[in-house]
Amino acid sequence: MSVTAAQGFSAAGIWAGIKTDRPDLAMVVNQGPRRAAAGVLTSNRVRAAPVVWCEQVLAHGEVGAVVLNSGGANACTGPDGFQDTRATAEKAAAVLDGHRAETTAVASTGLIGIRLPMERLLTGIEKAAAELSPDGGERAAVAIMTTDSVPKTAVARRAGWTVGGMAKGAGMLAPGLATMLVVLTTDADLDAATLDRALRAATRVTFDRIDSDGCMSTNDTVLLLASGASEVVPGYQEFAEAVRTVCGDLARQLIADAEGASKEIRIDVVGAHSEDDAVLVARSIARNNLLKCAIHGEDPNWGRVLAAIGTTSAVFDPDRLNVAMNGVWICKDGAIGMDRNAVDMTGREVVVTADLAAGGECATIWTNDLTGAYVHENSAYSS
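Note that the structure is a prediction, hence the values are computed from the model and not measured.

Digging into the overall build of the chain
Reasoning step 1: Regarding its fold elements, the chain presents 10 helices and 15 strands.
Reasoning step 2: For 383 residues, the compact-globule estimate of 2.2 N^0.38 gives 21 Å, and the chain sits close to it at 22 Å.
Reasoning step 3: Taking the principal axes of its C-alpha atoms as reference, the chain extends roughly 70 × 50 × 35 Å.
Reasoning step 4: In the chain, buried positions account for 56% of the 383 residues.
Reasoning step 5: Restricting to contacts in the chain with at least 6 residues of sequence separation, those with at least 24 account for 79%.
Reasoning step 6: Element-wise, carbon and sulfur atoms account for 50% of the exposed surface of the chain, whose accessible area totals about 14,600 Å².
Reasoning step 7: Averaging the positions of the 33 positive and the 46 negative side-chain charges in the chain gives two centres separated by 2 Å.

Here it is in structure tokens:
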């Protein structure tokens, strides 16, 4: 049931006519008794109107409902676009008993630089409100898809309480979140400050560590809502672990569905002087298009890994670098290692391990290969 797995939530996913023939409008409603919320938004300086709106809503630490649309990002649409977002929140509040516009979050995904068809969207909100159901989570997950090939949902159940969630995203996956919309829900009885702490801790090691193509979106939105319906107050560490589990599950699903990808690539950097160094190096490797092409061709080209490491400011000695692909150490001490022909890259998952031999810290970034299908998808996106 994904986003409605936790008690106290209902959802709907419908076709409002924003897209030609597919579901395009979702609604998630927190029925309480608590309506605590936290969120993490894109760090892109060009931000869509719904992101600006959500920032204002989240300042109060309360969200009673979320309206999400696919088929249009409502980004770079000027003051009119912001008024469209406000009108969306006001319409939702009007059709939902006991809800207010200022506690209604809005999220949009799709093409940048076009206005949303507001008459259809507002009518769609009425339809979605009429179809709200505790079983509506799966339909909501479908309605927020754009280039996604599958809906993405996850659930973590604990003793007496639950964390559930849904996500969309298949391209422009880069840190500062990704081209993602994520709604997480819990029936744990926790305040907004605790939600914020747990969400930021989880995001830092999940959504912020997937990097499909180095491109950062204008619309990234991750929301965590608590209903308190279970009446259980879990300890922080237990709750944070459950949130991290759901976020990690969704993040892996995003990379697995990356546009045109044929390989899921795990970049493990070990032996780093600091965690920041490990992340910096892992991200440089993940963004090396030559390496991504080589992995698509199942070529264990470890020289491209070293070249990527060398562009960073991380602490390392080039003559001590080691690289493995799928467990075979094909580069030792900055030079030729084991026989590269021993590397089996025929599977969907490829693990690249870079040992900096400079300390005891580590980090992991997930990425994907670069394919002709990715180029085709993104060359034809607007049409």
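Now that the structure has been shown, we can carry on.
Brief notes about the packing of helix α5 (residues 192–205) against helix α6 (residues 236–256)
Reasoning step 1: The contact between α5 and α6 brings their axes to 9 Å, and the two run at 45°. By the criterion of interaxial angle, the relationship of α5 to α6 is oblique. Classified by chirality, the crossing of α6 by α5 is right-handed. Residues Thr194, Leu195, Arg197, Ala198, Leu199, Ala201, Ala202 and Val205 of α5 lie in contact with α6, whose contacting residues are Tyr236, Phe239, Ala240, Val243, Arg244 and Cys247.
Reasoning step 2: Partitioned by chemical class, the residues of the contact of α5 with α6 number 11 nonpolar, one polar and two charged.

Some details on the sheet that holds strand β2 (residues 25–30)
Reasoning step 1: Strand order in this open sheet of four strands is β1-β2-β4-β5, and the pairing throughout is mixed. Two strands close off the open sheet at either side, each with one partner strand: β1 (9–14) and β5 (104–109). On average, each strand axis in the sheet is inclined to that of its neighbour by 10°, with strand direction left out of account.
Reasoning step 2: The pairing of β1 with β2 spans six bridges and is antiparallel. From the neighbouring strand, Ser10 faces β2, where its bridge partner is Val29.
Reasoning step 3: On top of the sheet, helix α2 (residues 78–95) reaches β4 (65–70) and β5; it is set at about 130° to β5, its chief contact.

With respect to the nonpolar core
Reasoning step 1: Val28, Val63, Val66, Leu68, Met166, Val183 and Leu225 are the most contacted members of the largest nonpolar core, which totals 36 residues.
Reasoning step 2: Sort the elements by how many residues they give to this core and helix α1 (residues 49–58) lands first, with six residues.
Reasoning step 3: Val28 has contacts with Val3, Phe9, Ser10, Ala11, Gly64, Ala65, Val66, Leu68, Met166, Val183 and Thr185, leaving out every residue within four places of it along the chain.

Considerations on unusual backbone geometry
What is expected of a backbone is that most residues other than glycine have negative phi and most peptide bonds are trans.
Reasoning step 1: Here Gly32 and Pro33 are connected by a cis peptide whose omega angle stands at 20°.
Reasoning step 2: For Asn326, which is not a glycine, the phi torsion comes out positive at approximately 50°.
Reasoning step 3: Looking at where Asn326 falls in the secondary structure, it is placed in the loop between β11 (322–325) and β12 (328–332).
Reasoning step 4: Judged by its relative accessible area of 27%, Asn326 is partly exposed.

With respect to the pattern of salt bridges
Reasoning step 1: Counted under the stated rule, the structure contains 21 salt bridges.
Reasoning step 2: Between Glu241 and Arg158 there is a salt bridge, and its shortest N-O distance comes to 2.8 Å. Here Glu241 is found in helix α6, whereas its partner Arg158 is found in strand β6 (residues 152–158), with 83 residues between them in sequence.
Reasoning step 3: Relative accessible area serves as the criterion here: at 25%, Arg158 is assigned to the partly exposed category.
Reasoning step 4: Residue Arg252 pairs with Glu264 through a salt bridge whose shortest N-O separation is 2.9 Å. Here Arg252 is found in helix α6, whereas its partner Glu264 is found in strand β10 (residues 264–272), with 12 residues between them in sequence.
Reasoning step 5: For Arg252, a relative accessible area of 29% corresponds to the partly exposed category.
Reasoning step 6: Ionic contacts of the salt-bridge type, sharing partners, join the residues Arg252, Glu264, Arg348 and Glu349 into one network.

As for α6
Reasoning step 1: With 21 residues, α6 extends 30 Å between its outermost C-alpha atoms, agreeing within 8% with the 30 Å of an ideal straight helix rising 1.5 Å per residue.
Reasoning step 2: What α6 keeps buried is the set Tyr236, Phe239, Ala240, Ala242, Val243, Val246, Cys247, Leu250, Ala251, Leu254 and Ile255.

A closer look at the environment of Trp53
Reasoning step 1: If you trace the backbone, Trp53 turns up in helix α1.
Reasoning step 2: Sequence separation of Trp53 and Arg86 is 33 residues, and the distance between their C-alpha atoms is 7.5 Å.
Reasoning step 3: When near neighbours in sequence (up to four residues on either side) are disregarded, Trp53 contacts Phe82, Thr85, Arg86, Ala89, Ala101, Thr104, Ala105 and Val106.

Considerations on helix α3 (residues 118–130)
Reasoning step 1: Over its 13 residues, α3 runs 19 Å from end to end, which matches the ideal 18 Å to within 8%, given 1.5 Å per residue.
Reasoning step 2: Within the span of α3, buried status applies to Met118, Leu121, Gly124, Ile125, Ala128 and Ala129. The buried side chains of α3 occupy one side of the element, clustering within an arc of 135° when seen end-on. Away from the buried face of α3 by more than 90 degrees, exposed residues Glu119 and Ala130 are located.
Reasoning step 3: Elements that come into contact with the buried residues of α3 comprise β1, β2, β4 and α2.

As for the sheet that holds β6
Reasoning step 1: Strand order in the open sheet made by the five strands is β3-β9-β8-β7-β6, with mixed pairing throughout. Pairing within the sheet leaves two strands with one partner each, and these edge strands are β3 (36–41) and β6. The average undirected angle you get between the axes of adjacent strands in this sheet is 10°.
Reasoning step 2: Of the pairings in the sheet, the one linking β6 to strand β7 (residues 161–168) comprises seven bridges and is antiparallel in character. Directly across from Ala154, in β7, lies its bridge partner Gly165.
Reasoning step 3: This element, α1, spans β3 and β9 (221–226) of the sheet and lies at about 145° to β3.
Reasoning step 4: Here α5 sits on the sheet and contacts β3, β8 (181–186) and β9; the angle it forms with β3, its principal contact strand, is near 30°.

Rules used throughout
- Residues numbered from 1 in each chain as written.
- Predicted model: local features only at pLDDT ≥ 70, side-chain atom pairs only at ≥ 80, totals over all residues.
- Heavy atoms only, no water.
- Helix = DSSP H or I, 4+ residues; strand = E, 2+ residues; numbered from the N terminus.
- Rg over C-alpha atoms; globule rule 2.2 N^0.38 Å.
- Buried < 20%, exposed > 50% of the residue type's maximum accessible area, 1.4 Å probe, protein only.
- Contact = heavy atoms within 4.5 Å.
- Areas by Shrake-Rupley, 256 points an atom, 1.4 Å probe, with all protein chains shown as cover.
- Lys, Arg positive; Asp, Glu negative; His and termini not counted.
- Charge placed at Lys NZ, Arg CZ, Asp CG, Glu CD.
- Axes fitted to C-alpha atoms, helices over the stretch in contact; angles between N-to-C directions.
- Parallel < 35°, antiparallel > 145°, perpendicular 65-115°, else oblique.
- Left-handed = near helix turned anticlockwise from the far one by under 90°.
- Nonpolar A, V, L, I, M, F, W, Y, C, P; charged D, E, K, R; others polar.
- Pairing = 2+ DSSP bridges.
- Core = buried A, V, L, I, M, F, W, Y, C linked by side-chain atoms within 4.5 Å.
- Salt bridge = Lys/Arg side-chain N within 4 Å of Asp/Glu carboxyl O.
- Expected span 1.5 Å × (residues − 1).
- Arc of directions from axis to C-beta.

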